[in-house]
Amino acid sequence: MSTVDHLSFDKGIYAGKADEALRDREKLQKACQSFEALLLAQIWKHQLAAAKALGPGAEEPFHQMEDVALEMASDQLSRLGGVGLWKFLYEEIVKQGDQTRK
């Protein structure tokens, strides 16, 4: 593969770098959303465990399914905008990256 294979000549010679930067930001956004989803799932799991500790204490057979359901709900919540943590992380990381490149 030559060095010009990744360039789009319709957009100009620097389009390759712009496209790469856009893909990097999309990856960063997904990573931040995944982090927020993971954090929310952990918080919910701990809250659920604390609530169950106050209850009758019977062992439940569907514990793993509850965990998966909480993880799926957290992931969906984050993709729909979340609680704002992923946006804050994303903006801060982008800002740090911009300052590093200067």
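The model shown is predicted, which means the values in this text are computed figures rather than measured ones.

**Q** Could you give an account of the confidence of the model for the protein chain, with specific residues and numbers?
**A** Per-residue confidence for the protein chain gives a mean pLDDT of 79, with 79% of residues at or over 70. Per-element mean pLDDT across the protein chain ranges from 85 in helix H2 (residues 63-79) up to 88 in helix H3 (residues 85-101). In this model, residues 1-14 is a region of pLDDT below 50 whose contacts with residues beyond four sequence positions or in other chains number seven contacts.

**Q** Explain the side chain of serine 78 to me, and be specific about the residues and the numbers.
**A** Note on placement: serine 78 falls in helix H2. A distance of 2.7 Å separates a polar atom in the side chain of serine 78 from the backbone oxygen of glutamine 33. Those residues in contact with serine 78, other than ones at most four positions away along the chain, are Gln33, Glu36, Ala37 and Trp86.

**Q** Can you explain the pattern of salt bridges? Please cite residues and give values.
**A** A side chain of one charge can pair with a side chain of the opposite charge if their charged atoms are brought near each other. Overall, the coordinates contain four salt bridges when judged by the stated rule. Across the salt bridge formed by lysine 45 and glutamate 71, the nearest N and O atoms sit 2.5 Å from each other. Note that lysine 45 is positioned in helix H1 (residues 15-54) and glutamate 71 in helix H2, a separation of 26 residues in sequence. Residue classification places lysine 45 among the buried residues on the basis of a relative accessible area of 17%. A residue is classified by how much of its surface remains accessible, and glutamate 71, at 38% relative accessible area, is partly exposed.

**Q** Talk me through a nonpolar patch on the surface; I want residue IDs and the actual numbers.
**A** Side chains of Phe35, Leu39, Ile43, Trp44, Leu77 and Val83 sit close together on the surface and give an oily, nonpolar patch of about 500 Å² of accessible area. Per element, the largest residue contribution to the nonpolar patch is four residues, and it comes from H1. Considering the arrangement of structural elements, one finds valine 83 in the loop between H2 and H3.

**Q** Outline H2, listing residues and values.
**A** The end-to-end C-alpha distance of H2, which contains 17 residues, comes to 25 Å, matching closely the 24 Å that a straight helix rising 1.5 Å per residue would cover. Listed as buried for H2 are Asp67, Leu70, Ser74 and Ser78. For H2, the arc enclosing every buried residue in end-on projection is 65 degrees, short of the 170-degree limit, so these residues lie on one face. Among the exposed residues of H2, those pointing more than 90 degrees away from its buried face are Met65 and Met72. Phi turns positive one or two residues past the end of H2, at glycine 81, with a value near 125 degrees.

**Q** An account of the nonpolar core is requested, with residue identities and associated values reported.
**A** Considering soluble globular proteins, one finds that nonpolar side chains tend to be buried as a cluster. Grouped together as the largest cluster of nonpolar side chains are five residues: Leu28, Cys32, Trp86, Tyr90 and Val94. Contributing elements (two or more residues each) for this core: H1 and H3. Ranked by the residues each element gives to this core, the list is headed by H3, at three residues. Ignoring any residue separated from it by four or fewer positions in sequence, one finds valine 94 in contact with Arg25 and Leu28.

**Q** Report on H3, specifying residues and quantitative values.
**A** Because an α-helix completes one turn every 3.6 residues, residues spaced three or four positions apart along the sequence face the same direction. Counted at 1.5 Å a residue, the expected span for H3 with its 17 residues is 24 Å, and the 24 Å between its end C-alpha atoms agrees. Taken together, the buried positions of H3 are Trp86, Tyr90 and Val94. Seen along its axis, H3 keeps its buried residues to an arc of 65 degrees; they face one direction. For H3, exposure combined with an orientation more than 90 degrees from the buried face picks out Glu91 and Thr100.

Definitions and cut-offs
- Numbering of residues starts from 1 in every chain and runs along the sequence as written.
- In keeping with the model being predicted, local features are shown solely for residues with a pLDDT of at least 70 and side-chain atom pairs are shown and tallied solely at 80 or more, while totals for entire chains, interfaces and linings include all residues.
- The side-chain figures draw on all heavy atoms in the structure; neither hydrogens nor water molecules are used.
- Every residue carries a pLDDT, the predictor's confidence in it, which falls somewhere between 0 and 100.
- Helix numbering and strand numbering both begin at the N terminus, where a helix is a DSSP run of H or I of at least 4 residues and a strand a DSSP run of E of at least 2.
- Contacts were defined at the residue level, with two residues in contact if any of their heavy atoms lie within 4.5 Å.
- Contacts described as polar in this section are N or O atom pairs within 3.5 Å, which, within protein, must combine one atom able to donate a hydrogen with one able to accept it, while residues neighboring in sequence count only if both atoms come from side chains.
- The term salt bridge refers to a side-chain nitrogen of Lys or Arg lying within 4 Å of a carboxyl oxygen of Asp or Glu.
- Partly exposed residues are those whose accessible area sits between 20% and 50% of the maximum for their type, while under 20% is buried and over 50% is exposed, using a 1.4 Å probe and protein chains only.
- Residues enter a patch when their relative accessible area is above 30% and they make no salt bridge; the linking distance is 9 Å between like charges and 5 Å between nonpolar side chains (Val, Leu, Ile, Met, Phe, Trp, Tyr).
- Under the convention used here, a 1.4 Å probe and the Shrake-Rupley method define accessible areas, while residue burial counts only the protein chains that appear.
- The span you would expect from a helix comes to 1.5 Å times its residue count less one.
- Throughout, the arc means that of the directions going from the helix axis to the C-beta atoms.
- We define the nonpolar core as a collection of buried residues of types Ala, Val, Leu, Ile, Met, Phe, Trp, Tyr and Cys that are connected through side-chain atoms lying within 4.5 Å of one another.

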